[in-house]
Amino acid sequence: MRILLTATASYVPPRGGATRSNLVWLDQLGGAGHECRIVCGALAEDEEKRRQLQEEEIAARPAAAEEGIEVLTRGPIVVYAVEDPARRIRVLRRQIREFGPDWVLVSSEDLGHALLREAHAASAGHVVYLAHTPQFFPFGAASWNPDRQTAEVAAQSAGVVAIGRHMGEYIERSLGRPAAVIHPPIYGRGPFRNYGNFERGLITMINPCAVKGISIYLDVARQLPQYEFGAVPGWGTTSADRRALAQVSNVRLLANTRDIDEVLAGTRILLMPSLWYEGFGLIVMEAMLRGIPVVSSDSGGLREAKRGTGYVIPVRPMDRFLPEFDERGMPRPEMVENDAGPWVATLRELLSDREAYDRESAVSRKVAHEFIAGLDARAMERFLSTLVAPNPAARSAQGTIESLTPERRALLLERLRKRRMAQ
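Residues numbered from 1 in each chain as written. Predicted model: local features only at pLDDT ≥ 70, side-chain atom pairs only at ≥ 80, totals over all residues. Heavy atoms only, no water.

Draft legend 1. Region of the structure containing the pattern of salt bridges. Within this structure, the stated rule accounts for 19 salt bridges. Between R320 and E334 there is a salt bridge whose closest N-O contact spans 3.4 Å. Residue R320 is found in the loop between β15 (312-313) and β16 (321-325), and its partner E334 is found in the loop between β17 (331-333) and α12 (341-352); the two are separated by 14 residues along the sequence. Note on R320: relative accessible area 53%, which makes it exposed. E355 is the partner of R359 in a salt bridge, and the nearest nitrogen-oxygen pair spans 3.7 Å. On the criterion of helical spacing, the pair formed by R359 and E355 is a turn pair, its members being 4 residues apart in helix α13 (residues 354-373). Using a relative accessible area of 59% as the deciding quantity, one classes E355 as exposed. Residues participating in the shared-partner salt-bridge network are E199, R200 and R354. (Salt bridge = Lys/Arg side-chain N within 4 Å of Asp/Glu carboxyl O. Helix = DSSP H or I, 4+ residues; strand = E, 2+ residues; numbered from the N terminus. Buried < 20%, exposed > 50% of the residue type's maximum accessible area, 1.4 Å probe, protein only.)

What follows is the structure, given as structure tokens:
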């Protein structure tokens, strides 16, 4: 098979759980002999990016590069990284025409839904929607940018994939069609070292930002000055967030790393006070696999990720967003008040009661190992191979789709939809 993945996020280097999940799937597909390409966003050139590219053995292909387009290889995968959104659309269109993918995987990290619409217009019948982040969906109560017409386009995808049961149920309620639940085998094969340590280590948060609950994290750190906290900046961390973290004396900023063990080896407790609707929470499972107790909010799929373990704290969610964007291009949330008291009390219990800590560490490690034992590394490959073959008439439209106006593309898509419904 020929597989083309597209998203607005950076894949060279990767940032965020959705990106890492998609790369795991593509690595497996590429390793099985399938030809894979990616059209994605690009990060600005800086020292951290250069370091990550070197660590992850991502190589540039300068002979193939064009102005505004980075062409790189990540193992057998060719990546077209494009910073400008309009150019990214054109590159996607061209890759569909020239590469002729069997399946175009559109990741939900596409806030304006432009990639999803273009993929359906240029490759009708060949699109699979990877539904990771509910805020980026064109449908559902948590959507930042709901769009009925684009939701109908998403519903026409050959397949929709969710990484957890909770999100699969949310998609079926919101979109009116079932999603295949395929959890990415992102955790590695193990064995996983047990980092549970009652006596020392950081209270760590990944991707501290407004929607992930940085306000709770900072309040807790201030109220527990005798303990050390660690924060790993992520895709949502703004310069203002960094300044706020730097102003709390017992908070240490940690570097992004390819190997999550470098962070978790020094972590005593993982804090995940997320205030937006979570799809799953991959870092929760990564920490529990290593015997690290996780204190999380009850948002979205976090309960599913916790697998019945303790220390899940109800929060008032952020569900209203302002008509303005931060420096990362994310909508600014309308701030909500949450009491840090339950978080402080929970941490005091785990940090002062060895029996409680060891019990949570042991059960977390046990249920996490049981969960990953049931994962299937080839599930995505099998899913793609069993999808219904696309309508040949849809593929024949690809050669001329570029010359059509947006209105004519929409008309063509509607005709194809009606044709499929009539079959």
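Moving on from the coordinates now.
Draft legend 2. Seen up close, the sheet that holds strand β11 (residues 229-232). Here we have 6 strands laid out as an open sheet, ordered β12-β11-β10-β13-β14-β15, and parallel in their pairing. Each of the sheet's edge strands pairs with one partner strand only, and the pair in question is β12 (251-253) and β15. Where helix α10 (residues 282-289) meets the sheet, it contacts β10 (202-206), β13 (267-272) and β14 (294-297), and its direction lies at approximately 160 degrees from that of β13. α12 rests against β10, β13, β14 and β15 of the sheet, and its axis sits at about 160 degrees to β13. (Pairing = 2+ DSSP bridges. Contact = heavy atoms within 4.5 Å. Axes fitted to C-alpha atoms, helices over the stretch in contact; angles between N-to-C directions.)

Draft legend 3. Structural view of the nonpolar core. Of all hydrophobic cores here, the largest spans 58 residues; its most connected members are I38, L105, V128, Y187 and L384. Among the elements that line this core, the one with the most residues is α10, at 7 residues. Once residues lying within four places of it in the same chain are set aside, the contact partners of L105 are I3, L4, L5, T6, L26, V128, L130 and L384. Residues I203, I216, L218 and V344 belong to the second largest nonpolar core, which totals 39 residues. (Core = buried A, V, L, I, M, F, W, Y, C linked by side-chain atoms within 4.5 Å.)

Draft legend 4. Representation of the packing of aromatic side chains within the structure. Counting across every chain of the model gives 11 aromatic pairs. With 5.5 Å between their ring centres and 65 degrees between their planes, F136 and W144 make a pair best called edge-to-face. Grouping residues by exposure puts F136 and W144 together as buried. Taken together, a centroid distance of 5.7 Å and an interplanar angle of 40 degrees make the contact between W235 and W276 tilted. Of the two residues, W235 is situated in the loop between β11 and α8 (239-246) and W276 in the loop between β13 and α10; the sequence distance between them amounts to 41 residues. (Phe/Tyr/Trp six-rings, centres within 6.5 Å; stacked < 30°, edge-to-face > 60°.)

Draft legend 5. Region of interest: helix α6 (residues 165-175). Along α6, the positions that sit buried rather than exposed are M167, G168, Y170, I171 and L175. Seen along its axis, α6 keeps its buried residues to an arc of 160 degrees; they face one direction. What points out from α6, more than 90 degrees from its buried face, is the exposed set R165 and R173. Where the residues of α6 are buried, they touch α5 (148-155), β8 (159-162) and β9 (180-181). (Arc of directions from axis to C-beta.)

Draft legend 6. The confidence of the model for the chain, seen in detail. Residues of the chain with pLDDT of at least 70 account for 86%, and the chain-wide mean is 88. Predicted confidence for residues 393-405 stays below pLDDT 50, and this span has 21 contacts to residues more than four positions away or in other chains. (pLDDT = per-residue confidence, 0-100.)

Draft legend 7. Spotlight on unusual backbone geometry. Backbone torsion omega between G190 and P191 reads 0 degrees, so that peptide bond is classified as cis. Here P191 is to be found in the loop between β9 and β10. The backbone phi angle of H113 is positive, close to 65 degrees, even though this residue is not glycine. Turning to its location among the elements, H113 is positioned in the loop between β6 (103-107) and α4 (114-122). H113 gets classed as buried once you look at its relative accessible area, which sits at 1%. Even without glycine at this site, N207 takes up a positive phi of about 60 degrees. With respect to the helices, strands and loops of the structure, N207 is situated in the loop between β10 and α7 (214-223). Judged by its relative accessible area of 5%, N207 is buried.

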